[in-house]
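Notes for the structure review
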Amino acid sequence: MSSRIYFFLFFTSFVIAQAPFKIGESLQYHAEFNRVRVGEAELKVSAIEEINTIKSYHIIYVAKTKGLADRLFKIRDQIDIWIDKEGFFTHRLIKNINQGNYKNKVDVRFDYNKSIAKTSTKEISIDFKARDSFSLFYYLRTILLKENDIMSFSSFEGRRIVDYKLQIKGNEIIRTELGNITCTVIRPYQEGENLFKNQGDMQIWISNDEKRLPVKIQIKMKFGSMTLLLKKVSY
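Everything numeric here is computed off the predicted structure, so don't read it as measured data.

This brings us to the overall build of the protein chain. Along the protein chain, the regular secondary structure elements total three helices and 14 strands. Per-residue burial for the protein chain yields a buried fraction of 47% across its 235 residues. Taking all contacts inside the protein chain whose residues are at least 6 apart in sequence as the whole, residues at least 24 apart take part in 45%. Counting every atom, the protein chain has about 12800 Å² of accessible surface; 49% of that belongs to carbon and sulfur.

Structural data, given as C-alpha cells:
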C-alpha cells in the first residue's frame, strides 16, 4: 500500500460526522501586509454542483486591495474550486490571478477514474487525491486535529505536482473582531525545501469550536508577511 493511500485511509477514519459548513457560508477577512491593512478577501461556499457527475461543493475565493495599496499594486484575484462533497478533495480548480501587471489564468480538471489531471496545455498522470490550499482549508475543518500529528498530501495547480506535509503544532488564542478564538495551529511544509516559490512559510489557525473556522492564514515571505484575519461570518 502506497504512503499516500495509507494516509488517506488513516485520516478519513477521523472525519467529523457532518461538515461544519453549508451552502451560503461566507468567511470575510482583512488582508494585511506586515500588520498594515491592504485589502480584503472572502471564502464562500457557493453551491453544490456536479463535476464528472460527482456532487461537489463550489468554493469561491476572491481577494482585492483597497485604498493606497490599490493604487500602488492593484490585486483582483478569483479562484474557483470544486471539492468532493464526501472526501473534500479537488475535482476542478480555476485560477484568475490579476496582480499589478501580472495576469494568469489556469483551469485544472481532475479525472480520478482515469488517474489524470489536465489543463489546456498538458495532461499528467496522478495517483493521489489532490488538495490545493483552498480545498485543504475545508478538509481540515472536517477532521479531528491532534497535536504533533503529521499528514501527507499532494497538489497540482497546473505547473507541477507538489508533495507536502502538515504538522499540527498545538493551540493558540487569536484576537479578532469576533472575539478571542482558541485555534489549532497547522503548518504546511515540504521536506528539504520551501513550500512557496517566494521562499515563504505558511501557517493556518483553525478554530476549536464546532464551526471549525479558518480564523487566520499567514504566509511569511522574504520581505514580510501576508495575513488573512477573519472579520465576519455570514450564511
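Opposite charge on two side chains permits them to pair, given that their charged atoms come into close proximity. Counted according to the given criterion, the structure contains nine salt bridges. The partner of R37 in a salt bridge is E177, and the shortest N-O contact between them spans 3.5 Å. Of the two residues, R37 is situated in strand β2 (residues 36-51) and E177 in the loop between β10 (161-176) and β11 (179-189); the sequence distance between them amounts to 140 residues. Residues R37 and E177 agree in their burial class; the two are exposed. With a shortest N-O distance of 3.0 Å, K95 and E157 are connected by a salt bridge.

Before going further, it helps to spend a moment on the confidence of the model for the protein chain. The share of residues in the protein chain with pLDDT of 70 or more is 89%, and the mean pLDDT across the chain is 89. Below pLDDT 50 for its whole length, residues 1-13 participates in 17 contacts with residues either more than four positions away or in separate chains.

To continue, consider the side chain of Q203. The residue Q203 is located in strand β12 (residues 201-207) in this model. Residue class for Q203 comes out buried when judged on its relative accessible area of 14%. Side chain to side chain, Q203 and K169 meet in a polar contact 3.4 Å long. Residues contacting Q203, with those up to four places away along its chain left out, are K169, V185, I186, R187, P188, K216, I217 and Q218.

Conventions we followed
- Numbers given to residues run from 1 along each chain, matching the order in which its sequence is written.
- Reporting of local features is limited, given that this is a predicted model, to residues whose pLDDT is at least 70; pairs of side-chain atoms are given and counted only at 80 or more, and all residues count toward the totals for whole chains, interfaces and linings.
- Based on all heavy atoms of the structure, the side-chain values leave hydrogens and waters out of the count.
- A run of H or I in DSSP becomes a helix once it reaches four residues, and a run of E becomes a strand once it reaches two; helices and strands are each numbered from the N terminus.
- Partly exposed describes any residue whose relative accessible area lies between the buried limit of under 20% and the exposed limit of over 50%, with all areas from a 1.4 Å probe on protein chains only and scaled to the type maximum.
- We call two residues contacting when some pair of their heavy atoms lies within 4.5 Å.
- Where accessible areas are quoted, they stem from the Shrake-Rupley method and a 1.4 Å probe; at the residue level, only the protein chains shown are allowed to cover.
- In the sections that follow, a salt bridge refers to a side-chain nitrogen of Lys or Arg positioned within 4 Å of a carboxyl oxygen of Asp or Glu.
- For every residue, the predictor assigns a confidence score, pLDDT, that lies between 0 and 100.
- A 3.5 Å cut-off defines polar contacts: any pair of N or O atoms within that distance qualifies, except that in protein one atom must be a possible hydrogen donor and the other a possible acceptor, and neighbouring residues in sequence count only when both atoms are side-chain atoms.

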